[in-house]
Amino acid sequence: MNRDISFSSQQENRFYQGAAATLVANALQAVNFLGDRFMRKSQHSLSAIEDLYRHSMDSAFSVTEAFLVTGAPHASAYYPRDFAWFYPDILDPETIMDAQDAVRRARLLEKSVRLLLQAVRADVVTTTIVPAGRGRYLGVNYFSRPSDTLLGILAGLQQMLSAERRASSYLAMSQCAHAGRLLLAEYGADLKRAILKLASELDPFDANGARYLLCDASCPRSAATDTRAERRRFVTNACVYTTFVWGEQLGIVDENELKRLLGRDLAEYKKGLLRLFGKDGYIRHSLDGPAGAPASMVALDFVSVHRGFWDMNDPSERALFAATTNLILGEPRFRIPSTFHFLVSADNPRNKMIHKIAAPAYQGRSSWPTFNVEFADRMLDFDEFSGSNTYRSCAQGILKDIRTATEVHGGYQELISEQGLKYRTWAYKGAVAHSWFPRFLSVWRRAYGTPLLQWNA
């Protein structure tokens, strides 16, 4: 039964950042990880995909949740970028079980986006927001300034605004879209200020007699695999470009304003990034680092985000995507044996000391199911725009193996180890990524033409 949503009321929240805030946030996160390490309960004893999904959605969108997070040990902190990378389809009607589920999702999305917009207004644009009690939040960067935080906020807002354009009988959709319009009107000026500030922070980078603009020319910027601590990465710069494009599409910034800061229009800016990172005929993960075999120079996170950098309209862009994809498909080190589970990279990346102790393969020799889902979706984008069936069977194989792993491990995993097992380290026992599950269902429907699960609305 449809019903009205009681959206969050205005609340006076305070945001802090700086050395003291970082110290307190680190202490709180240490407590969170230790608590998870010693107190996490055993996973739900379910194996049927429908039962696993229902349990996951009840957990992910519980009315007791204050913010949309995964079931990972670091879930006590809030990550704005996740709305772009990991939660783009939580309002897909075909993934919603019933009207009550729709209401819970819409309410939690609005609460989350509102909090992030309040942080932007307070000029706290960080990778991570840690709740510190009584309406107080600490903004902290792990491990460098963000390239995709604004992108995530725009993605959450964009999903709210487009909710009523989806074919759905749920009243919650139109109510969520209305709430999104109110948020855009209230916080649009704050977002504009933050986006223009990001544009002003880009640095010139000279290569091969041409001048480019990078967000991380002189120091690292974070993205979904931020702990590599590398400069001049493709994914960080692709996120910044997408932020500008989405900001323009939402009417927050005018392209002429961006052009004045960038010295070029957005189309030229994108062509420059493709030319710079694709100079070898494939998309290189980073311009830094020693030379090596082509497969060692690419990483799975090049697929970027849903409706992000890759639009596949241009034949040369499709050629770069195909060449990079084929390198990953053809290199055994990218794949868990006998599966279509692809690892983030062929070689273990640079690790900081904490990752050697707590999560040694988190950014490299492990499989992120959500990255694999996006890999499959970009393959389907390629086939759609090229008028071919080049990658559909591979995309289907990826999704089929993720379904199998979900049933075997008792839920949609955040990470899978290099051996195809649950990802476990001393401080990271393995997590069920509840909130990522709907995206998997959305791409499954696209790949197979029929839904994996059907609900009686």
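Here the residue numbers are simple positions, counted from 1 along each chain's written sequence. Owing to the predicted nature of the model, reporting of local features is limited to residues with pLDDT of at least 70; listing and counting of side-chain atom pairs is limited to 80 or more, with chain, interface and lining totals taken over all residues. For side-chain calculations, the full set of non-hydrogen atoms in the structure is used, while hydrogens and water are omitted.

Chemist: Now, about the packing of helix α12 (residues 369-386) against helix α14 (residues 437-448): what can you tell me, with residues and values included?
Modeler: Angular values range over 0 to 180 degrees, each being the angle between N-to-C directions of two axes fitted as lines to C-alpha atoms, with helices fitted over their stretch in contact. Secondary structure follows DSSP: runs of H or I at least 4 residues long count as helices, runs of E at least 2 residues long count as strands, and numbering of each begins at the N terminus. α14 packs onto α12 with a crossing angle of 30° between their chain directions and a minimal axis gap of 10 Å. The angle between α12 and α14 falls in the class roughly parallel. The way α12 lies across α14 gives a crossing that is left-handed. Here α12 contributes V373, E374, A376, D377, R378, L380, D381 and E384 to the contact with α14, which in turn contributes R439, F440, V443, R446 and A447. Convention used here: angles under 35 degrees read as roughly parallel, angles over 145 as roughly antiparallel, angles from 65 to 115 as roughly perpendicular, and any remaining angle as oblique. Handedness of a crossing is defined here by the sense of rotation of the near helix relative to the far one, left-handed for an anticlockwise turn of less than a right angle and right-handed for a clockwise turn. Residue contacts are defined here by distance: any two heavy atoms, one from each residue, within 4.5 Å place the two residues in contact.

Chemist: Tell me about the sheet that holds strand β3 (residues 136-140), and name the residues and values.
Modeler: Overall, mixed pairing links the 3 strands, which are arranged β1-β3-β2 in an open sheet. Both edges of this open sheet fall to β1 (14-16) and β2 (128-131), since each of them pairs with a single strand only. Sheet twist, expressed as the average angle between the axes of neighbouring strands with direction ignored, equals 30°. One ladder, built from 4 bridges, connects β2 with β3; its direction is antiparallel. Paired with T128 across the bridge in β3 is V140. Here helix α4 (residues 99-121) sits on the sheet in contact with β1, β2 and β3, set at roughly 60° to β1. Any two strands with at least two DSSP bridges between them are considered paired.

Chemist: Any details on unusual backbone geometry? Residues and values, ideally.
Modeler: A positive phi angle is found at S304, which is not glycine, with a value near 60°. Residue position: S304 is located in the loop between α9 (266-277) and α10 (315-330). The class for S304 is buried, based on a relative accessible area of 1%. At R307, a residue that is not glycine, the phi angle is positive and equals roughly 55°. Locating R307 in the fold gives a position in the loop between α9 and α10. For every residue, the accessible area obtained with a 1.4 Å probe (protein chains only) is divided by the maximum for its type, and the residue is called buried under 20%, exposed over 50%, and partly exposed between those limits.

Chemist: Run through α12, naming residues and quoting values.
Modeler: A helix is expected to span 1.5 Å for every residue after the first. Helix length check: α12 (18 residues) gives 26 Å between terminal C-alpha atoms against 26 Å at 1.5 Å per residue, within 8%. For α12, a buried count of 15 out of 18 residues is recorded, marking the element as mostly surrounded by other parts of the structure. Once α12 finishes, G387 follows within two positions and takes phi at roughly 65°, a positive value.

Chemist: So, the environment of I336: which residues are in play, and what are the values?
Modeler: Locating I336 in the fold gives a position in the loop between α10 and α11 (353-357). Relative accessible area serves as the criterion here: at 3%, I336 is assigned to the buried category.

Chemist: So what's going on with the packing of α10 against α12? Residues and values would help.
Modeler: Their axes nearest at 11 Å, the elements α10 and α12 cross at an angle of 135°. It follows that α10 is oblique to α12 by the angle criterion. In the crossing of α10 with α12, the sense of the turn from one axis to the other is left-handed. Contact residues: α10 offers R318, F321, A322, T325, I328 and L329, while α12 offers F375, R378, M379, F382, F385 and S386. Residues belonging to the contact of α10 with α12 are distributed by class as follows: 8 nonpolar, 2 polar and 2 charged. Any residue that is not Ala, Val, Leu, Ile, Met, Phe, Trp, Tyr, Cys, Pro, Asp, Glu, Lys or Arg is counted as polar, Gly included; the first ten are nonpolar and the last four charged.

Chemist: With reference to specific residues and values, describe the packing of aromatic side chains.
Modeler: Between rings of Phe, Tyr and Trp, where Trp is taken as its six-membered ring, a pair exists when centres lie within 6.5 Å; planes separated by under 30 degrees are stacked, by over 60 edge-to-face, and by other angles tilted. Counted under the stated rule, the structure contains 32 aromatic pairs. Residues Y53 and F437 carry aromatic rings whose centres are separated by 4.9 Å and whose planes lie at 80° to one another, so their mutual orientation is edge-to-face. One end of the pair, Y53, is in helix α2 (residues 49-60); the other, F437, is in helix α14, with 384 residues separating them in the sequence. For the residue pair Y53 and F437, the accessibility class agrees, reading buried in each case. The side chain of K270 reaches across the aromatic face of F309, ending 4.9 Å from its centre. Our definition puts a charge over a ring when NZ of Lys or CZ of Arg is within 6 Å of the ring centre and also within 35 degrees of the ring normal.

Chemist: So what about the pattern of salt bridges? Which residues, and what values?
Modeler: Every case where a carboxyl oxygen of Asp or Glu lies within 4 Å of a side-chain nitrogen of Lys or Arg is listed as a salt bridge. Tallying each qualifying case throughout the model produces 36 salt bridges. Residues R166 and D89 are paired through a salt bridge, measuring 3.3 Å at the closest nitrogen-oxygen approach. Of the two residues, R166 sits in the loop between α5 (149-161) and α6 (171-200) while D89 sits in the loop between α3 (82-85) and α4, which places them 77 residues apart along the sequence. R166 sits in the partly exposed class, given a relative accessible area of 25%. With a shortest N-O distance of 3.7 Å, R114 and E186 are connected by a salt bridge. Note that R114 is positioned in helix α4 and E186 in helix α6, a separation of 72 residues in sequence. Its relative accessible area of 31% is what places E186 among the partly exposed residues.

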